[in-house]
Amino acid sequence: MSGPRENTAHGAPEKPGGPESYFDLLTATRMLPLVGRVVKDVLQHNHEVNRLQPELESLHRSRRTLTWPQRCRLYQVRDELAESERNLQEVFAELEVLGLALIDTDEGQIGFPTIVNNRPAYFSWIPGDDVLRFWHFADEVARRPIPPAWLRETEGVRSSKR
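Residues numbered from 1 in each chain as written. Predicted model: local features only at pLDDT ≥ 70, side-chain atom pairs only at ≥ 80, totals over all residues. Heavy atoms only, no water.

(A) Structural view of the packing of aromatic side chains. The final tally for this structure, using the stated rule, is 4 aromatic pairs. Here the aromatic rings of Phe 123 and Trp 150 are separated by 6.3 Å at their centres, their planes lie at 85°, and the arrangement is edge-to-face. Within this pair, whereas Phe 123 is found in strand 3 (residues 119-125), its partner Trp 150 is found in helix 3 (residues 148-151), the two being separated by 27 residues in sequence. An identical accessibility class is assigned to Phe 123 and Trp 150; each is buried. One Lys or Arg, Arg 119, reaches over the ring of Phe 137 and ends 3.7 Å from the middle of that ring. (Phe/Tyr/Trp six-rings, centres within 6.5 Å; stacked < 30°, edge-to-face > 60°. Helix = DSSP H or I, 4+ residues; strand = E, 2+ residues; numbered from the N terminus. Buried < 20%, exposed > 50% of the residue type's maximum accessible area, 1.4 Å probe, protein only. Lys NZ or Arg CZ within 6 Å of the ring centre and 35° of its normal.)

This is the structure we're talking about:
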């Protein structure tokens, strides 16, 4: 990436981890394999929570009239849901330690905090993207394409993975 420090994410410091972390594009790109695995876990555990929650609510509503097999299922679903929620919280904690933001839990969109034009922003990644292609300001949801000048910094990383 090139250009004045205050106009692009080029000047963002390389300090992963912690609440005040900012990533440059090269560091964020290098983290994608790890981030992909973490997001896979987020999506899996979130899917389990979304699948089990309605069943638990339904069983709980009729708990006074459940047959023994249904009551067993209630206990089983309760335990499975608690386990999935615990696992999801662990993955959220891992993202926090990495200094990343989970922008959209259902889609698995991850934000790598950075600074663009002296404003908080994110490099934006979703599962299926092989590289970082988008960014957005922290107070916006619309993803913008990363300018070609910023991408020049990561060309060596992408070509070494081929």
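Once you've had a look at it, read on.
(B) Structural view of helix 1 (residues 25-61). A rise of 1.5 Å per residue sets the reference length of helix 1, with its 37 residues, at 54 Å; its end C-alpha atoms lie 50 Å apart and thus fit the reference within 8%. The principal kink in helix 1, of about 50°, is found at Leu 32, preceding the proline Pro 33 by one to four residues. A distance of 3.3 Å separates the backbone nitrogen of Leu 26 from a side-chain oxygen at the start of helix 1, and that oxygen is part of Asp 24. (Expected span 1.5 Å × (residues − 1). Bend = angle between axes of the 7 residues up to and from the residue. Polar contact = N/O pair within 3.5 Å; in protein donor to acceptor, adjacent residues only side chain to side chain.)

(C) Broad picture of the environment of His 45. By the secondary structure assignment, His 45 is in helix 1. The class of His 45 is buried, set by a relative accessible area of 12%. Remark: the alpha-carbon pair of His 45 and Glu 83, spanning 38 residues in sequence, is separated by 9.1 Å. Filtering out sequence-adjacent residues up to four positions away, His 45 remains in contact with Ser 84, Asn 87, Leu 88 and Val 91. (Contact = heavy atoms within 4.5 Å.)

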